[in-house]
Amino acid sequence: QVQLVESGGGSVQPGGSLWLSCAASGAIHGLLSLGWYRQAPGNQRELVASIEREGRPTYTDSAEDRFAVSISGDSALKTVYLQMTSLKPEDTALYYCTAGHYSGRNYEADYWGQGTQVTVSS
């Protein structure tokens with residue numbers, strides 16, 4: 001099992017920035033990739049960004065070059081970050097940290113955090 005604990009969500013005005021972080025622990029030794037999804041009200045969950053255990057990131061169109069994902073830590077505890085800049089109201093969503101794997105070039109989540117709310121509003 002992998003435990004994921006997110007932090008860093010909150011409210012921000014349009015154009016502002018936020019950092020999300022997620023501590024991953026448990027059965028993370030060895031093969032582990034991490035990713036961020038989000039779900040806005042009335043919408044399906046969508047992948048925003050993912051990062052391989054070697055640190056190579058992958059972004060979806062949702063990131064729009066405004067988000068950056070990074071990772072730190074060791075085999076006992078990893079932390080994945082999502083830096084969000086130039087935030088827009090449409091970025092408002094519940095953001096989920098995930099741990100998973102790559103199937104070919106596609107990231108697939110196996111474990112989910114509880115989610116952290118990001119609200120962008122003036």
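Let me begin by describing the structure that accompanies this report. (Residues numbered from 1 in each chain as written. Predicted model: local features only at pLDDT ≥ 70, side-chain atom pairs only at ≥ 80, totals over all residues. Heavy atoms only, no water.)

Let us look at the pairing of strand β8 (residues 77-84). Across eight bridges, strand β3 (residues 18-26) lies against β8 in antiparallel orientation. Residue pairing for β8: Trp19 is matched across the bridge by Gln83. As consecutive antiparallel partners, strand β7 (residues 67-73) and β8 are separated by three residues. (Pairing = 2+ DSSP bridges. Helix = DSSP H or I, 4+ residues; strand = E, 2+ residues; numbered from the N terminus.)

Attention shifts here to unusual backbone geometry. In this structure, Glu64 takes a positive phi of about 50 degrees despite not being glycine. Summarising the element assignment, Glu64 is placed in the loop between β6 (57-59) and β7. Residue Asp65 is not a glycine yet carries a positive backbone phi of 65 degrees. Residue position: Asp65 is located in the loop between β6 and β7.

Shape descriptors only; they carry no functional weight alone.
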